[in-house]
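# Coordinate analysis (summary)
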Amino acid sequence: MIGLTTKSCRVIVRSCLALVLFVTAAEAARADETATVGGSRVALIRPKAVRVSVILLPGGDGAINVGDHGDIHGLLGNQLVRTRNAYASRGLAVMIADANTDLKAAVDYMAAIKRPVTVIGTSRGTLRAAEGIARGARPDALVLTSGFLSPESGSSSNVMSILGSPAALPRTLVIHHTNDACKVTLPAGVEPFIRWSGGRARVKWLSGGAEEGDPCQARGHHGFNGLDGQVVSLAAGFR
């Protein structure tokens, strides 16, 4: 490397190594594809070495608008959608489900890839998780983030009201922000849900991050803005 100092050479080498590691990790994590499950299109990411499986249920209207190659065109800012590759990079097979996806069919599909299967729902996705379980879906574990959990959460429609009894509730982790200001996922709704679960659920509280714009949207504490790594670590490790 004529004309380059030893320090410059080291910088170039380090940069090249970093690029190789980044590309290698991306290739290992990304194997995006589209599948039809329970009558709706879903996006799939299958790492080369799958350890466990997760099904992600985004919030809002749940319309992720999957293309033909696992590409997603809706709800890109949603906390679960924007972190989907972070789950895959940990060796998890990932399904990002559309609002109309039959959860029982989705669980069966992912179980054929690798058990255990954990369903992770956020915001209105927690309602879809409860509705799917009420209709017979049986995931091995459930993670509810920023959830519509109990009447005290602020909505008459909530996980407790949908299930009626905790008998069908799998092992459940609740992840909630201490300052979630969304009027239908208030922190006050967490403890009543934990008590109702009869020992089937536990909670992990998070704090910090950033609050921007609508308190019920992805850039607020409701969407764990600035805390994606913590949420993924907790949810991916629960099973």
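Residues numbered from 1 in each chain as written. Predicted model: local features only at pLDDT ≥ 70, side-chain atom pairs only at ≥ 80, totals over all residues. Heavy atoms only, no water.

Let's shift gears to the nonpolar core. Counting residues in each nonpolar core, the largest one holds 32 residues, and the members touching the most others are Ile55, Met95, Leu103, Val119 and Phe193. The contacts of methionine 95, once residues within four sequence positions are left out, are Val37, Val42, Ala43, Leu44, Val54, Ile55, Leu56, Ala106, Tyr109 and Met110. Listed in part, the 28 residues of the second largest apolar core include Ile64, Ile72, Leu173 and Leu227. (Core = buried A, V, L, I, M, F, W, Y, C linked by side-chain atoms within 4.5 Å. Buried < 20%, exposed > 50% of the residue type's maximum accessible area, 1.4 Å probe, protein only. Contact = heavy atoms within 4.5 Å.)

The next subject is the sheet that holds strand β2 (residues 40-45). What holds strands together in a sheet is hydrogen bonding between their backbones, with the strands either parallel or antiparallel. Spatially, β1-β2-β4-β3-β5-β6-β7-β8 is the arrangement adopted by the eight strands of the open sheet, whose pairing is mixed. Of all the strands in the sheet, the pair left with one neighbour each is β1 (32-37) and β8 (201-206). Taken over all neighbouring pairs, the strand axes of this sheet differ in orientation by 20 degrees on average, direction set aside. Two strands pair when backbone bridges link them, and β1 and β2 are joined in this way by six bridges, in the antiparallel orientation. If you follow aspartate 32 over to β2, its bridge partner there is isoleucine 45. The sheet contacts of helix α4 (residues 103-113) involve β1, β2, β3 (52-57), β4 (92-96) and β5 (117-122), and relative to β3 the element is tilted by about 155 degrees. (Pairing = 2+ DSSP bridges. Helix = DSSP H or I, 4+ residues; strand = E, 2+ residues; numbered from the N terminus. Axes fitted to C-alpha atoms, helices over the stretch in contact; angles between N-to-C directions.)

Moving on: empty space enclosed by the protein. Counted under the stated rule, the structure contains one cavity of 30 Å³ or more. A volume near 30 Å³ is recorded for the largest cavity. Contributing to the lining of the largest cavity are Leu57, Pro58, Gly62, Ala97, Asp98, Ala99 and Arg128. In terms of residue class, the lining of the largest cavity is made up of four nonpolar, one polar and two charged. (1 Å grid on protein atoms, 1.4 Å probe; cavity = no way out; pocket = protein on both sides within 12 Å on 5 of 7 lines; lining within 4 Å. Points joined across faces, edges and corners; volume = space filled by probe spheres on them. Nonpolar A, V, L, I, M, F, W, Y, C, P; charged D, E, K, R; others polar.)

Bringing the environment of valine 159 into the picture now. Counting through the fold element by element, valine 159 comes out in helix α6 (residues 159-163). C-alpha of valine 159 to C-alpha of alanine 130: the two residues are 29 residues apart in sequence and 5.5 Å apart in space. Contacts of valine 159, omitting those with residues within four sequence positions, involve Thr126, Leu127, Ala130, Leu144, Phe148, Leu149 and Phe193.

Where helix α8 (residues 228-237) is concerned, the buried positions are Val231, Val232, Ala235 and Ala236. All buried residues of α8 fall inside an arc of 115 degrees around its axis, so they share one side. (Arc of directions from axis to C-beta.)

Looking now at the pairing of β2. Most of β2 sits out of view: five of its six residues are buried. Linking β1 to β2, which pair antiparallel, is a turn of two residues; within it glycine 38 sits at a positive phi near 55 degrees. Alignment of β2 against β4, held across three bridges, turns out to be antiparallel. Pairing of isoleucine 45 across the sheet is with valine 94, part of β4.

Space inside the largest pocket adds up to approximately 290 Å³. Along its surface, the largest pocket is lined by 18 residues, and Gly59, Gly60, Ser123, Cys216 and Gln217 are the ones closest to its centre. A class-by-class count of the residues in the lining of the largest pocket yields seven nonpolar, ten polar and one charged.

We now examine the state of the cysteines. A full pass over the atoms with the stated rule returns one disulfide. At a sulfur-sulfur separation of 2.1 Å, the disulfide partner of cysteine 182 is cysteine 216. Since a negative S-S torsion denotes a left-handed disulfide, the cysteine 182-cysteine 216 link at about 95 degrees is right-handed. Pair noted here: cysteine 182 is in the loop between β7 (171-177) and α7 (190-196) and cysteine 216 is in the loop between β8 and α8, with a separation of 34 residues, a long-range link. Judged by its relative accessible area of 2%, cysteine 182 falls in the buried class. (Disulfide = S-S within 2.5 Å.)

Here arginine 128 shows up in helix α5 (residues 124-134). Of the side chains with opposite charge, aspartate 61 comes closest to the buried, unpaired arginine 128, at an N-O distance of 5.9 Å. There is a polar contact of 2.5 Å between the side chain of arginine 128 and the backbone oxygen of glycine 60. Within the structure, the side chain of arginine 128 is placed 3.4 Å from the backbone oxygen of aspartate 61, a separation counted as a polar contact. Those residues in contact with arginine 128, other than ones at most four positions away along the chain, are Leu57, Pro58, Gly59, Gly60, Asp61, Gly62, Ala99 and Leu103. (Lys, Arg positive; Asp, Glu negative; His and termini not counted. Salt bridge = Lys/Arg side-chain N within 4 Å of Asp/Glu carboxyl O. Polar contact = N/O pair within 3.5 Å; in protein donor to acceptor, adjacent residues only side chain to side chain.)

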